[in-house]
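Letter by letter, the chains look like this.
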Amino acid sequence: MTSTTDRFRAAVESRDLTALDDLFTEDVRFYSPVKFKPFEGRPMVIGLCNVLFRTFEEFRYVGRLDGTGETADGKEAPSEILVFRATVNGKEIHGLDLLQFDESGRIKEFTVMVRPLSAVQAMSDAVFAGLVADGLVPAPAEG
């Protein structure tokens, strides 16, 4: 049987939003490296994934770790980490996708951590522009 992580990885690598939709809980939380509050709910997280698919170039997973971890609500949950590398606007990114699952095996929390800072800044600018372009967040007020 294919695990949720295997299905997630295949969906990301093929940039298949439809396949991702079935893997997230309705109230999934996505913790971004550049935003304090998480993105919440399946429609928002799927929209964000669409922006990330357009933003990351040469995206590839290069490792996998598994175990357990505490979720934001203080509960122990099965967890897996996928290690990735990509490029954004010419900056190489090293990162981790931390997936935490509910009792049914769906992803309930999705945390992304990336380095180095210069790549985080390039990613932040590109993702924000994509979120605004897709109408997922408001454009900044003109000053």
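Residues numbered from 1 in each chain as written. Predicted model: local features only at pLDDT ≥ 70, side-chain atom pairs only at ≥ 80, totals over all residues. Heavy atoms only, no water.

A. Quick look at the pairing of strand β5 (residues 91–101). Bridge count between strand β4 (residues 76–88) and β5: 10 bridges; the pairing is antiparallel. The residue of β5 that forms the bridge with Ile-81 is Leu-98. Counted along the chain from β4 to the antiparallel partner β5, the turn is 2 residues long, and its residue Asn-89 has a positive phi close to 50°. Taken together, the 8 bridges between β5 and strand β6 (residues 107–115) define a ladder with antiparallel strand orientation. Bridge pairing in β6 places His-94 opposite Arg-115. Hairpin connection of β5 to β6: 5 residues between the antiparallel strands, including Gly-105 at a positive phi of 90°. (Pairing = 2+ DSSP bridges. Helix = DSSP H or I, 4+ residues; strand = E, 2+ residues; numbered from the N terminus.)

B. How the structure looks around the nonpolar core. Formed by 38 residues in total, the largest nonpolar core has its most connected members in Phe-8, Leu-20, Phe-24, Ile-107 and Phe-110. Looking at this core, the elements that each hand over two or more residues are α1 (4–13), β1 (24–31), α3 (42–55), β3 (57–70), β4, β5, β6 and α4 (117–133). (Core = buried A, V, L, I, M, F, W, Y, C linked by side-chain atoms within 4.5 Å. Buried < 20%, exposed > 50% of the residue type's maximum accessible area, 1.4 Å probe, protein only.)

C. Structural view of the packing of aromatic side chains. The tally for this structure, following the rule as stated, stands at 9 aromatic pairs. Ring centres 6.2 Å apart and planes at 20° place the aromatic pair Phe-24 and Phe-110 in the stacked group. Highlighted residues: Phe-24 in strand β1 and Phe-110 in strand β6, separated in sequence by 86 residues. Residue Phe-24 is classed as buried on the basis of its relative accessible area, which comes to 0%. Feature note: the residues Phe-8, Phe-24, Phe-30, Phe-39 and Phe-110 constitute an aromatic cluster, connected by ring pairs. The ring of Phe-39 is capped by Lys-35, whose NZ or CZ atom sits 4.6 Å from the centre of that ring. (Phe/Tyr/Trp six-rings, centres within 6.5 Å; stacked < 30°, edge-to-face > 60°. Lys NZ or Arg CZ within 6 Å of the ring centre and 35° of its normal.)

D. Region of interest: the environment of Phe-30. Mapped onto the secondary structure, Phe-30 falls in strand β1. Separated by 82 residues in sequence, Phe-30 and Val-112 have C-alpha atoms that sit 7.9 Å apart. Aside from chain neighbours lying at most four places away, what touches Phe-30 is Pro-38, Phe-39, Val-45, Leu-48, Leu-52, Phe-110 and Val-112. (Contact = heavy atoms within 4.5 Å.)

E. Main features of α3. In this model α3 runs 20 Å from its N-terminal to its C-terminal C-alpha over 14 residues, within 8% of the 20 Å that 1.5 Å per residue would give. Counted residue by residue, α3 has 10 buried out of 14 residues, so it is predominantly covered. Those residues of α3 not exposed but buried are Arg-42, Val-45, Ile-46, Gly-47, Leu-48, Cys-49, Val-51, Leu-52, Phe-53 and Thr-55. (Expected span 1.5 Å × (residues − 1).)

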